[in-house]
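Residues per chain, in single letters:
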Amino acid sequence: LSSLGILALAEQRPTDALPLLERALELYDASEGVQMFELETHFALARALALTKGGPSRARSEARRAAEGARAAGEGKAKQLAEVEAFLAKRGGGR
């Protein structure tokens, strides 16, 4: 579901991406710990929300979750963290 949502977003179909990404996160939340692609899914949902006017505060919240997870993951997620922080800075929602 996460991959399908990210694909829909890449194809400029954020409205189609929203339910896929939201459901993927529900499944991730039902499991302990951070799941593979969970951080990417939070960030994709943030971008989809921003593109669909789905709520700027919710978009920032999802992006912050992605940033927190990327920070905790360390150097391996440095590029993703930079992308998320740029997204947040553009929307007035940095650290």
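Look up: the structure comes first, before these words.
Residues numbered from 1 in each chain as written. Predicted model: local features only at pLDDT ≥ 70, side-chain atom pairs only at ≥ 80, totals over all residues. Heavy atoms only, no water.

(A) Fine view of the packing of helix 3 (residues 38–52) against helix 5 (residues 78–90). Contact pair helix 3 / helix 5: the axes reach a minimum separation of 11 Å and the direction vectors enclose 25 degrees. Classified by the interaxial angle, the pair formed by helix 3 and helix 5 is roughly parallel. Crossing angle aside, the handedness with which helix 3 passes helix 5 is left-handed. Here L39, E40, F43, A46, R47 and A50 of helix 3 lie close against helix 5, whose contacting residues are Q80, E83, V84 and F87. Among the residues making up the contact of helix 3 with helix 5, the classes are represented as 6 nonpolar, 1 polar and 3 charged. (Axes fitted to C-alpha atoms, helices over the stretch in contact; angles between N-to-C directions. Helix = DSSP H or I, 4+ residues; strand = E, 2+ residues; numbered from the N terminus. Parallel < 35°, antiparallel > 145°, perpendicular 65-115°, else oblique. Left-handed = near helix turned anticlockwise from the far one by under 90°. Contact = heavy atoms within 4.5 Å. Nonpolar A, V, L, I, M, F, W, Y, C, P; charged D, E, K, R; others polar.)

(B) Summary view of helix 1 (residues 2–10). For helix 1, every residue scored as buried is listed here: S2, G5, A8 and L9. Taken end-on, helix 1 shows its buried residues confined to a sector of 125 degrees, consistent with a single buried face. Of the exposed residues in helix 1, those oriented more than 90 degrees away from the buried face are S3 and A10. Next to the buried residues of helix 1 lie helix 2 (14–29) and helix 3. Just past helix 1, the residue Q12 takes up positive phi, approximately 65 degrees. (Buried < 20%, exposed > 50% of the residue type's maximum accessible area, 1.4 Å probe, protein only. Arc of directions from axis to C-beta.)

(C) Examining a nonpolar patch on the surface more closely. A contiguous nonpolar surface patch, about 350 Å² in accessible area, is contributed by L1, L4, L7 and L27. If you trace the backbone, L7 turns up in helix 1. (Patch = residues over 30% accessible without salt bridge, like charges linked within 9 Å, V, L, I, M, F, W, Y side chains within 5 Å. Areas by Shrake-Rupley, 256 points an atom, 1.4 Å probe, with all protein chains shown as cover. Salt bridge = Lys/Arg side-chain N within 4 Å of Asp/Glu carboxyl O.)

(D) Fine view of the nonpolar core. Counting residues in each nonpolar core, the largest one holds 13 residues, and the members touching the most others are L9, A17, L18, L21, L45, A48 and L49. Elements represented by at least two residues in this core include exactly helix 1, helix 2 and helix 3. Take this core: its biggest share by element is 6 residues, from helix 2. Each residue touching L18, except ones within four places of it in the same chain, is listed here: L45, A48, L49 and T52. (Core = buried A, V, L, I, M, F, W, Y, C linked by side-chain atoms within 4.5 Å.)

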